[in-house]
Amino acid sequence: MSLPQFFLDEQVLADEVQEQFPLALSRDDAKHAKVLRLDPGEHIAVVDAASDYFECEIKSFDGVTPIVAISGHLDGKPLAAHVCLVQGLAKGDKMETVIRHATELGVSEFIPFAASRSIMKIDAKKAASKTERWQAIAKSAAMQSGQTHLAHVHQPMKLAQLKEVLATFDAVLVCWEEAPGTALLRDALRPASLNATVDRLARIAVVVGPEGGLAQEEVDAILACNAHASMVSLGSSILRTETAGIVAPALVLYEMGGMGAGERA
């Protein structure tokens with residue numbers, strides 16, 4: 001049975017000098033611990049501010065703050081690749097759905113893309129609060145799914161800023177319904193696979209358009225910003241944006257050895 005898991009924003013457990021010490025949970029996480037009805041003697045998993053991973057035993061509580069002792073150092077789950085999902089802004093709760101489920105899969109980074117055909121429009125005043133909400137969803141999904149790496153959610157970007165960011169990736173995959181069926185995802189990943197080493201994860205960006213899809217000029221601009229950018233097809237079915245935003249990174253992670261692919265004979 002997996003342990004309840006928590007992320008720490010500032011506390012580094014290796015710096016603690018006392019055998020028992022308070023765990024600096026955020027207010028929301030402290031509430032979550034209370035909802036779980038954790039008792040002294042129970043064990044939890046903790047990813048601290050240094051991204052170090054520990055098993056801790058709850059010794060007591062100071063109000064809602066758990067007092068813990070470190071039981072052991074845990075090995076974090078290795079990532080198959082650093083996958084960044086560039087998701088066209090979508091209406092309603094679709095962005096939340098994509099961020100939640102893609103985090104569960106192991107996506108490391110999210111860039112909401114203010115595409116020309118995005119129905120959702122976010123002004124500068126709302127961008128910060130929306131991003132804070134999405135980041136909280138990513139954290140909750142990571143805690144629920146046992147991910148030991150917390151995905152980072154950027155504030156929404158327009159095309160000019162997005163091109164600058166995508167220029168640094170090992171591969172950029174543009175999921176486009178007009179891509180030819182021969183534009184295979186596996187082929188587009190070859191440059192990233194070649195650049196990956198034991199000490200360095202391949203950095204792969206996956207671009208998914210909003211409800212109305214990507215405009216031709218957006219596809220052209222993204223393909224031109226990185227020598228290893230390619231159009232890819234996700235098959236003959238026309239997928240909803242929230243479906244593509246989950247399926248595409250899952251396929252990338254699988255091809256890079258994640259999602260159980262490393263267990264293949």
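Residues numbered from 1 in each chain as written. Predicted model: local features only at pLDDT ≥ 70, side-chain atom pairs only at ≥ 80, totals over all residues. Heavy atoms only, no water.

Trainee: Mind showing me how you'd approach the sheet that holds strand β6 (residues 82-88) here?
Mentor: Pairing between the strands of a sheet comes from backbone hydrogen bonds, and it takes one of two forms, parallel or antiparallel. As summarised here, the arrangement of the six strands in space is β8-β7-β6-β10-β9-β11, forming an open sheet in which the pairing is parallel. Every other strand in the sheet has two partners, leaving β8 (152-153) and β11 (229-232) as the edge strands with one partner each. Two strands pair when backbone bridges link them, and strand β7 (residues 109-113) and β8 are joined in this way by two bridges, in the parallel orientation. If you follow Phe110 over to β8, its bridge partner there is Val153. Against the sheet, helix α4 (residues 159-166) engages β6, β7, β9 (171-175) and β10 (203-208), with an angle of about 155° to β7. Relative to β6, helix α8 (residues 241-255) is tilted by about 165°, and along the sheet it contacts β6, β9 and β10. (Pairing = 2+ DSSP bridges. Helix = DSSP H or I, 4+ residues; strand = E, 2+ residues; numbered from the N terminus. Contact = heavy atoms within 4.5 Å. Axes fitted to C-alpha atoms, helices over the stretch in contact; angles between N-to-C directions.)

Trainee: What exactly am I supposed to notice about the packing of α4 against helix α7 (residues 216-224) here?
Mentor: A pair of packed helices is captured by two measures, namely the crossing angle of their axes and the spacing between those axes. In the contact formed by α4 and α7, the axes pass within 9 Å of each other and the chain directions differ by 30°. Between α4 and α7, the angle is such that the two are roughly parallel. The interaxial crossing formed by α4 with α7 has right-handed handedness. Touching Leu159, Leu162, Lys163 and Leu166 of α4 are Glu218, Ala221 and Ile222, all from α7. Its residues placed into classes, the contact of α4 with α7 shows five nonpolar, no polar and two charged. (Parallel < 35°, antiparallel > 145°, perpendicular 65-115°, else oblique. Left-handed = near helix turned anticlockwise from the far one by under 90°. Nonpolar A, V, L, I, M, F, W, Y, C, P; charged D, E, K, R; others polar.)

Trainee: Where do I start with the pairing of β6 in this structure?
Mentor: The side chains of a regular strand alternate between the sheet's two faces. A large share of β6 lies buried, amounting to six of its seven residues. Where β6 meets β10, six bridges bridge the pair, whose relative direction is parallel. When the sheet's bridge partners are listed, Cys84 is paired in β10 with Ala205. In this structure, β6 lies alongside β7, joined through five bridges in parallel fashion. The residue bridging Cys84 from the neighbouring strand is Glu109, located in β7. Taken together, β6, helix α2 (residues 94-105) and β7 constitute a β-α-β crossover, and its handedness is right-handed. (Buried < 20%, exposed > 50% of the residue type's maximum accessible area, 1.4 Å probe, protein only. Right-handed = clockwise from strand over helix to strand, strands pointing away.)

Trainee: Even after reading the chapter, I still don't get the pattern of salt bridges, so can you show me in this structure?
Mentor: Between side chains of opposite charge, a pair can form as their charged atoms come close. Applying the stated criterion across every chain yields a total of eight salt bridges. Note that Arg186 is salt-bridged to Glu255, the shortest N-O span being 3.3 Å. Of this pair, Arg186 sits in helix α5 (residues 185-188) while Glu255 sits in helix α8, placing them 69 residues apart in sequence. Here the salt bridges share partners, and the residues they tie into one network are Asp9, Asp29 and Lys139. (Salt bridge = Lys/Arg side-chain N within 4 Å of Asp/Glu carboxyl O.)

Trainee: I'm lost on the side chain of Glu109 in this one. Help?
Mentor: Structurally, Glu109 can be placed in strand β7. Although buried, Glu109 forms no salt bridge, and the nearest oppositely charged side chain, Arg203, lies 4.2 Å from it. Polar side-chain contacts of Glu109 include one of 2.7 Å to the side chain of His82. Here the side chain of Glu109 touches His154 through a polar contact of 2.6 Å, side chain to side chain. In contact with Glu109, not counting residues within four places along its chain, are His82, Val83, Cys84, Leu85, Ala151, His152, His154, Phe169 and Arg203. (Lys, Arg positive; Asp, Glu negative; His and termini not counted. Polar contact = N/O pair within 3.5 Å; in protein donor to acceptor, adjacent residues only side chain to side chain.)

Trainee: Please explain the packing of α2 against helix α3 (residues 124-145) as it appears in this structure.
Mentor: Between α2 and α3, the least distance of the axes is 8 Å, while the angle of their chain directions is 35°. Handedness of the crossing formed by α2 with α3: right-handed. Contacts from Met95, Glu96, Ile99, Arg100, Thr103 and Glu104 of α2 reach α3 at Arg133, Trp134, Ile137, Ala138, Ala141, Ala142, Gln144 and Ser145. Looking at side-chain class alone, the contact of α2 with α3 contains seven nonpolar, three polar and four charged residues.

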